[in-house]
Amino acid sequence: MRKVLQVSNLGKIHGNGCPRCVASTGPDVGSNICPHCQSVVANAAISFDLHAGEILGIMGESGSGKSTIVKMLFFDEDPSLGEAIFYDNGHQWNLFSLNAAQQRRLRNHRFGIVYQNPHLGLNFNFSAGGNIAERLLMSDLTHYGQIRERARDLLTRTEVGSERMDESPKKFSGGMQQRVQIAKALSTSPPVLFLDEVTTGLDLSVQARILDLILEIQQELGTAMIAVTHDLGVIRLLADRTIVMKNGRIIEAGLTDQILEDPQHAYTQQLVASAL
Amino acid sequence: MNSAILTVEKLSKQFFLHEQQAAIPSCAEVDLQVFPKELTAIVGPTGCGKSSVLKCIYRTYLPGAGRILYQNEAGHTTDLAQASDHRVLELRLRDIGFVTQFLHCLPRKPALDVVSEPLLLRGENRETARDAAADLLRLLNVPERLWQVPPATFSGGEKQRINLARGLISQPRLLLLDEPTASLDPDTSERVIDLLTTIKAKGVGMLAVFHHPELVRRLADRVVELIPQKTLCHE
Ligand SMILES: Nc1ncnc2c1ncn2[C@@H]1O[C@H](COP(=O)(O)OP(=O)(O)O)[C@@H](O)[C@H]1O
Ligand SMILES: Nc1ncnc2c1ncn2[C@@H]1O[C@H](COP(=O)(O)OP(=O)(O)O)[C@@H](O)[C@H]1O
Ligand SMILES: [Mg+2]
Ligand SMILES: [Mg+2]
Ligand SMILES: [Zn+2]
């Protein structure tokens, strides 16, 4: 299997930071706030790889630093520590040494993201089709007819329905808004997709259909995905491999069935036991 | 001369439950081999670690000590106790199948899709995969009216047949079976036995735990007996 992403010692510190931040935080001390300088170590020492076509789950309680990982990889936030290499068609991109234009290019062409909050992923002043067009315009497609055709296909594929193409997603249900975000993210056929709590807060039946859609996309397009969630059910359904986080650190990583049936860390055992 | 496709050496596993501060021994120093065209049966009383051995080989459980040597078609050997997660996923896709005791599957997919999925994941087209799934479901006596229904609502015996079909469809080189006929009626059991016999003759190596000693007599070429471990926790 082909590696698409290699993340090494990635970390994010909010605040001025001090030399003792990383050593003074984490699961051993049960906190992500540095007692010496009060900075928040959102996460640190994050290392993992992602292979083509696989879904990697990142789970852990709220505040454990999950979202910050995908935000850094999607260039929404600058990392304080570490590096990440993206392997693409024989090229290697050292993500955090790229200039702003190069980063924007990867964001628009090669990565996609679906946020928990649709306001972050969509512009509610545009129509559903307009949101997709916006992303396509930033990539290579500039022909009006082709863009509309592509938007129509994507909205049909994600079961939003092409007849709703010219409506604003403002009026859509939460599940529909997530589908528009997925359509937008997929519009440039990115090899890597980041999913941040995409089904959190939706009705169970709506959740189920979105998760099915994600699995279908993985099978049809072979998109590699990182799925961030605090929901064990989502992990069980989506992820081939899973990372467990606590207080900004990875405490355990393995095959998803192993993490769920033979968890090693006390915290993971507690998580799994409380979900039964 | 056939060489073993699986050689397990001194495999031990124990669970440590942090909350109870308890170590639970599961299996200890297990040695066994599986050969192509043969079935090795694991026997022993409940709780002696039979399922744990299968799960350690499939890496659903992390092996504690020992080696689990799998030899692929090209003659290359991998120690499954040490292999990377990606390597294990690769082998699960093409080489090693597991019919578990209980079905963990996607709740909302029609049975036919649940069964065909392993072939789709391997890149077969939908038509071929569906046909193969239909053949197996017919062989296993699953009524056609159930094929489009998600297995979540099925009876225990029906679920088990879906589970079996899903495990058999990808024609792995090494097949792990955990009580595959435990909740089947005698007629369906017979069909499963026929099917396993056929698959075995085609070259598949199997490692199995059976509910009934009679199945061991009929299907096993080798038998490995596990000795119960002393449990340190009370019950
Ligand atoms: N801009 C910020 N300033 C200060 N702290 C932040 C900021 N953004 C996130 N954090 C903190 O970083 C930690 C990790 O956040 P996040 O990655 O969103 O966690 P998760 O997604 O696991 O819930 C949390 O304690 C959060 O409060
Ligand atoms: N996931 C697990 N967590 C903790 N203990 C387990 C787990 N799986 C099995 N065990 C324990 O390991 C021992 C062997 O179980 P198992 O392998 O299921 O035996 P068998 O299949 O022979 O009945 C038992 O004591 C069982 O309780
Ligand atoms: Mg989050
Ligand atoms: Mg058992
Ligand atoms: Zn500090």
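Note that this is a predicted model, so its numbers are computed, not measured.

Each value, and the rule that gives it
Residues numbered from 1 in each chain as written. Chains lettered and ligands numbered in written order. Predicted model: local features only at pLDDT ≥ 70, side-chain atom pairs only at ≥ 80, totals over all residues. Heavy atoms only, no water. Helix = DSSP H or I, 4+ residues; strand = E, 2+ residues; numbered from the N terminus. Rg over C-alpha atoms; globule rule 2.2 N^0.38 Å. Buried < 20%, exposed > 50% of the residue type's maximum accessible area, 1.4 Å probe, protein only. Areas by Shrake-Rupley, 256 points an atom, 1.4 Å probe, with all protein chains shown as cover. Lys, Arg positive; Asp, Glu negative; His and termini not counted. Charge placed at Lys NZ, Arg CZ, Asp CG, Glu CD. Core = buried A, V, L, I, M, F, W, Y, C linked by side-chain atoms within 4.5 Å. Contact = heavy atoms within 4.5 Å. Near = heavy atom within 4 Å. Nonpolar A, V, L, I, M, F, W, Y, C, P; charged D, E, K, R; others polar. Buried area = accessible area lost by both parts, 1.4 Å probe. Salt bridge = Lys/Arg side-chain N within 4 Å of Asp/Glu carboxyl O. Polar contact = N/O pair within 3.5 Å; in protein donor to acceptor, adjacent residues only side chain to side chain.

(A) Here's a closer look at the overall build of chain B. A count of helical and extended segments in chain B gives seven helices and nine strands. Against the compact-globule benchmark of 18 Å for 235 residues, chain B has a radius of gyration of 18 Å, which places it among compact chains. Relative to its full complement of 235 residues, chain B shows a buried share of 53%. Carbon and sulfur atoms make up 50% of the accessible area of chain B, which amounts to about 11300 Å² in all. One finds the centroid of the 28 positive side-chain charges in chain B at a distance of 2 Å from the centroid of its 28 negative side-chain charges.

(B) Representation of the nonpolar core in the model. By size, the foremost hydrophobic cluster in this structure holds 40 residues, and its most contacted members are Leu 39, Leu 137, Ile 162, Leu 164, Leu 168, Leu 177 and Met 206 of chain B. Those elements giving two or more residues to this core turn out to be strand S3 (39-43), helix H3 (111-121), helix H4 (126-139), helix H5 (156-169), strand S7 (174-178), helix H6 (186-201), strand S8 (205-209) and helix H7 (213-219) of chain B. With residues near it in sequence (within four places) discarded, Leu 168 of chain B still touches Leu 136, Leu 175, Leu 195, Leu 196 and Ile 199 of chain B. Among the nonpolar cores identified, the runner-up in size contains 36 residues, and Ile 55, Leu 186, Leu 211 and Met 225 of chain A belong to it.

(C) Looking closely at the site of ligand 1. All names here are of chain A. Neighbouring residues of ligand 1: His 14, Asn 32, Val 40, Ala 42, Glu 61, Ser 62, Gly 63, Ser 64, Gly 65, Lys 66, Ser 67 and Thr 68. Those elements that provide at least two residues to the shell around ligand 1 are strand S2 (40-51) and helix H1 (66-73). Take the shell around ligand 1: its biggest share by element is three residues, from H1. Here the residues of the shell around ligand 1 sort into two nonpolar, eight polar and two charged.

(D) Region of the structure containing the interface of chain B and chain A. At the interface, 25 residues of chain B touch 21 residues of chain A. Among the residues chain B hides against chain A, the three largest losses belong to His 18, His 86 and Arg 108 of chain B. Together they make up 31% of the total. Counting across the interface, chain B meets chain A through three salt bridges. In this structure, Asp 257 of chain A and Arg 92 of chain B form a salt bridge, with 2.9 Å as the shortest nitrogen-oxygen distance. Applying the counting rule to chain B against chain A returns 12 residue pairs in polar contact (both at pLDDT 80 or more). For the side of chain B that touches chain A, the secondary structure elements donating two or more residues are strand S1 (6-17), helix H1 (50-58), helix H2 (85-94) and H3 of chain B.

(E) Structural detail: the site of ligand 2. The immediate surroundings of ligand 2 are formed by 14 residues, with Gly 47, Lys 50, Ser 51, Ser 52 and Tyr 61 of chain B found nearest. Of the chains in the model, those with residues near ligand 2 are chains A and B. Contacts to ligand 2 include Glu 261 of chain A, whose backbone N or O atom sits 3.1 Å from a nitrogen atom. Ser 51 of chain B has a polar side-chain atom sitting 2.8 Å from an oxygen atom of ligand 2. Taken together, the elements giving at least two residues each to the shell around ligand 2 come down to strand S2 (22-34) and H1 of chain B.

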